[in-house]
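The primary structure of each chain is shown beneath.
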Amino acid sequence: MSTARPKTISFVIPCYNSAAYMDACIESILGGGRDIEIIIVNDGSTKDNTAEKADEWAAAHPDIIKVIHQENAGHGGAVMAGLRAASGVYFKVVDSDDWLDRTARDLLLAKLRGFIAGDNLVDLVVCNYVYEHVQTGSQKVIRYRGALPTNKIVGWDEIGVFGPGQNILMHAAIFRTQVLRDSGLELPKHTFYVDNIFVYVPLPFVKTLHYLPVNLYRYFIGREDQSVNETVMIGRLDQQMRITNIMVDAYVLPDEIPSKRLARYMEGYLALIISASSMFAAIRSDAEALRMRKEMWEHLYAKDAKMAKRLGRHPLVLGSNLSSQPGRKASIALYRLAQRLYHFN
């Protein structure tokens, strides 16, 4: 019987035709030591030598890196393949065009090793992340001060109010692997924007959190073909709506969430996703887009009318869901202002 200690953390890197940038991502993680695990998921790449590069990395570092080759299943399918294969106590997704800051990585690993050594396994660790804008060359750091106590293990009842742009995204989250498995997390295949489900569904299974205020994740943004490019998102409105409906179906808020503060946070997060879906429908403004927005609201009311009415009164949702043409123009103008202030998309 093997007595090998489990890896501290599994880093999963979904790769789809990623040969041009996957090396930098892997190199930014690799120096973390022999007690980390890197799982490269080659998600059916056909246009370049992603598969060969992944195998070369695994051959060079067989005690750290392993590769999964699978038919294309999309980002969600790749993350789920990594989760099924993960042997680390903790779990982190790093997209192949992003990277980790090395100093912050080492501080995170020291913290995780301390949790494991002290038999005090925190369920969710949150770190800062940095938007790296390719077009402007600028950076924007997303921090959680004010929302989460710093360097302290807390429960949901000790969190503060999350401000604009402070939602816990996949870039910020390091989950305990068993929490993800216990939550029953299942990400849909061939669908973009599953990162919202990834961080939303497990939250009620998280009992303890720790905010480590280091700028860990470097999120590359601004490439024309990127999934979060506004034009691309508008063209994939059906997938955005699919994610919204899955999040609506996940819980009845706040009735199914025992912590009032967690319920408030999850309601605000869901309101943001609903408003984004409404906004992209308004920007497209064709009959199909407006039909999808109408069906989104019908789905929400069918889930729980009380929850739907409460979400409909949320300021974000009110501002993005104006039905008249002048109203839609006003919503879009406010959205453009928010873009300039917060540098998203």
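All of these numbers come straight from a predicted model, not from anything done at the bench.

(A) Inspection of the overall build of the chain at higher detail. Summing up its helical and strand segments, the chain has 13 helices and 10 strands in all. Its C-alpha atoms give the chain a radius of gyration of 20 Å, near enough to 20 Å, the size a compact globule of 345 residues would have. Within the chain, contacts between residues separated by at least 24 positions form 77% of all contacts whose residues are at least 6 apart in sequence. For the chain, the exposed surface amounts to about 15,100 Å²; the carbon and sulfur share of it is 54%. Computed over 40 positive and 37 negative side-chain charges, the inter-centroid distance for the chain is 7 Å.

(B) View of the pattern of salt bridges. Summed over the entire model, instances satisfying the criterion amount to 15 salt bridges. With its nearest N and O atoms 2.8 Å apart, the salt bridge here joins D23 to K53. Taken together, the residues D23 in helix α1 (residues 22-30) and K53 in helix α2 (residues 50-60) connect sequence positions 30 residues apart. Under the relative-accessibility criterion, D23 is labelled partly exposed at 24%. For K53, a relative accessible area of 18% gives the class buried. K306 serves as the salt-bridge partner of D255, at 3.6 Å between the closest nitrogen and oxygen. Taken together, the positions of D255 in the loop between α8 (237-250) and α9 (260-284) and K306 in helix α11 (residues 305-312) put the pair 51 residues apart, joining distant regions of the chain. One connected set of salt bridges, linked through shared partners, spans R284, D286, E288, R291 and E295.

(C) Highlighting the packing of aromatic side chains. By the definition in use, this model includes 10 aromatic pairs. Measuring from ring centre to ring centre gives 6.3 Å for F91 and F198, while their planes differ by 35 degrees; the resulting arrangement is tilted. In this pair, F91 sits in strand β4 (residues 90-93) while F198 sits in helix α6 (residues 195-200), placing the two residues 107 residues apart along the sequence. Across the pair, exposure class does not vary: F91 and F198 are buried alike. Put simply, the rings of F162, Y200, Y265 and Y269 pair up and form one aromatic cluster.

(D) Molecular detail of the packing of α8 against α9. Following both chains from N to C, one finds α8 and α9 inclined at 155 degrees, their axes separated by 10 Å at the closest point. With respect to α9, the element α8 is oriented roughly antiparallel. Here α8 and α9 pass one another in a crossing that is left-handed. Only Y269, L270, I273, I274, A276, S277, F280, A281 and R284 of α9 make contact with α8, whose side of the interface consists of L237, Q240, M241, T244, M247 and V248. Of the residues contributing to the contact of α8 with α9, the split by class is 11 nonpolar, three polar and one charged.

(E) Structural context of α1. Listing the buried residues of α1 in full gives M22, C25, I26, S28, I29 and L30. For α1, the elements touching its buried residues are β1 (9-15), β2 (36-43), α2, β3 (65-70), β5 (99-100) and α4 (102-117).

(F) Broad picture of the pairing of β2. Counted residue by residue, β2 has eight buried out of eight residues, so it is predominantly covered. Where burial is concerned, the two faces of β2 agree: the one with I36, I38, I40 and N42 and the one with E37, I39, V41 and D43 are both buried. Of the strand pairs in this sheet, β1 and β2 are connected by seven bridges, and their pairing is parallel. Paired with F11 across the bridge in β2 is I38. Each parallel crossover has a hand, and for β1 linked through α1 to β2 it is right-handed. Bridge analysis of β2 against β3 gives six bridges, and the strand direction is parallel. Pairing of I40 across the sheet is with V67, part of β3. After leaving β2, the chain enters α2 and then returns to the sheet as β3, a path that is right-handed.

(G) Here's a closer look at the packing of α9 against helix α10 (residues 287-303). It is the contact of α9 with α10, at a shortest axis distance of 7 Å, that shows an interaxial angle of 155 degrees. On the basis of their axis angle, the class for α9 and α10 is roughly antiparallel. Judged by the twist between their axes, the crossing of α9 over α10 is left-handed. Taken together, the residues of α10 that come into contact with α9 (itself represented by I274, S277, S278, A281, A282 and R284) are E288, A289, L290, M292, R293, M296, W297 and L300. Partitioning the contact of α9 with α10 into residue classes produces nine nonpolar, two polar and three charged.

So, how was this worked out
- Residues numbered from 1 in each chain as written.
- Predicted model: local features only at pLDDT ≥ 70, side-chain atom pairs only at ≥ 80, totals over all residues.
- Heavy atoms only, no water.
- Helix = DSSP H or I, 4+ residues; strand = E, 2+ residues; numbered from the N terminus.
- Rg over C-alpha atoms; globule rule 2.2 N^0.38 Å.
- Contact = heavy atoms within 4.5 Å.
- Areas by Shrake-Rupley, 256 points an atom, 1.4 Å probe, with all protein chains shown as cover.
- Lys, Arg positive; Asp, Glu negative; His and termini not counted.
- Charge placed at Lys NZ, Arg CZ, Asp CG, Glu CD.
- Salt bridge = Lys/Arg side-chain N within 4 Å of Asp/Glu carboxyl O.
- Buried < 20%, exposed > 50% of the residue type's maximum accessible area, 1.4 Å probe, protein only.
- Phe/Tyr/Trp six-rings, centres within 6.5 Å; stacked < 30°, edge-to-face > 60°.
- Axes fitted to C-alpha atoms, helices over the stretch in contact; angles between N-to-C directions.
- Parallel < 35°, antiparallel > 145°, perpendicular 65-115°, else oblique.
- Left-handed = near helix turned anticlockwise from the far one by under 90°.
- Nonpolar A, V, L, I, M, F, W, Y, C, P; charged D, E, K, R; others polar.
- Pairing = 2+ DSSP bridges.
- Right-handed = clockwise from strand over helix to strand, strands pointing away.

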